[in-house]
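# Commentary on secondary and tertiary structure
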Amino acid sequence: MQRGLGIGPNLDIWQAEDFATAAKWIAAYKTILQTVQRGQLYRIDPPTRDNASSATIYVAQDRRQGVMFKMLHSSMWRDNPAAEHPQGLDPAQTYAVRVLGDSALPDGVPARASGAYWMERGLRAPLKGDFVGTAFVFDAMPGPGADTGAVTPGH
């Protein structure tokens, strides 16, 4: 989902549930399309030979949305990866966070917090297995200051 959505399998052999799954992910992708295609890219945790994980975030030009992708090559030696610290969010803005595809947030991750909180405290994405990944979407809350009881750094 980073920069383009491609479907390459033979659609003639798909079952109804395959089409439903594809429709779900296409709809999810449409919610982040503009940010991923036109946003600013930050390489939070670049892939290296010695690192089983990687993370990037795309932030919309107006900083109203951020999309953080976390990937894990394998979890044999890294079952509890460190928190990833998003970049480029507006520190004063409150963001609601969700997992792309509507999975539950990991334990201990607040549903909303300030950009400063996310960038300072980070977000732990517990991934296990080989060649797995997830995406977190940060959506700015409406309103001036959006004081909605969000978590801020130090709290």
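Okay, the sheet that holds strand β6 (residues 132-140) next. The antiparallel open sheet is built from 6 strands, whose spatial order is β1-β2-β3-β6-β4-β5. For this open sheet the edge positions go to β1 (40-45) and β5 (112-114), each flanked by a neighbour on one side alone. For this sheet, the mean angle separating the axes of adjacent strands, direction not counted, is 25°.

Within the element layout of this structure, M119 appears in helix α3 (residues 115-121). Under the relative-accessibility criterion, M119 is labelled partly exposed at 24%. A C-alpha to C-alpha distance of 7.8 Å links M119 and P91, two positions 28 residues apart in sequence. Excluding residues that lie within four positions of it along the chain, M119 makes contacts with H85, P86, Q87, G88, L89 and P91.

Enumeration over the complete set of coordinates arrives at 4 aromatic pairs. Judged by centre distance (5.3 Å) and plane angle (80°), the ring pair of Y117 and W118 falls under edge-to-face. For W118, a relative accessible area of 0% puts it in the buried group. On the basis of an interplanar angle of 70° and a centroid distance of 5.3 Å, the ring pair of W118 and F138 is categorised as edge-to-face. With a gap of 20 residues between them, W118 in helix α3 and F138 in strand β6 connect regions that are remote in the sequence. Looking at F138, the relative accessible area reads 0%, which means it is buried. Through a chain of ring-to-ring contacts, three or more aromatic side chains come together here, namely Y117, W118 and F138.

Residue placement: T56 occurs in strand β2 (residues 53-59). Of the residues examined, T56 reaches a relative accessible area of 11% and is grouped as buried. Note: C-alpha distance between T56 and Q87 (31 residues apart in sequence) is 9.0 Å.

Now for the side chain of Q93. Positionally, Q93 belongs in the loop between β3 (65-72) and β4 (94-99). The class for Q93 is buried, based on a relative accessible area of 12%. For Q93, the side chain forms a polar contact with the side chain of R64, separated by 3.4 Å.

Okay, the nonpolar core next. Generally speaking, a soluble globular protein has its nonpolar side chains buried in company with each other. Formed by 18 residues in total, the largest nonpolar core has its most connected members in M68, W118, L123, F136 and F138. Of all the secondary-structure elements, those providing two or more residues to this core are β2, β4, α3 and β6. Among residues more than four places away in sequence, those in contact with L123 are M68, A83, E84, V109, W118, F136 and F138. By size, the runner-up hydrophobic cluster in this structure holds 10 residues, among which are A28, I32, V36 and F69.

Scoring rules and cut-offs
Residues numbered from 1 in each chain as written. Predicted model: local features only at pLDDT ≥ 70, side-chain atom pairs only at ≥ 80, totals over all residues. Heavy atoms only, no water. Pairing = 2+ DSSP bridges. Helix = DSSP H or I, 4+ residues; strand = E, 2+ residues; numbered from the N terminus. Axes fitted to C-alpha atoms, helices over the stretch in contact; angles between N-to-C directions. Buried < 20%, exposed > 50% of the residue type's maximum accessible area, 1.4 Å probe, protein only. Contact = heavy atoms within 4.5 Å. Phe/Tyr/Trp six-rings, centres within 6.5 Å; stacked < 30°, edge-to-face > 60°. Polar contact = N/O pair within 3.5 Å; in protein donor to acceptor, adjacent residues only side chain to side chain. Core = buried A, V, L, I, M, F, W, Y, C linked by side-chain atoms within 4.5 Å.

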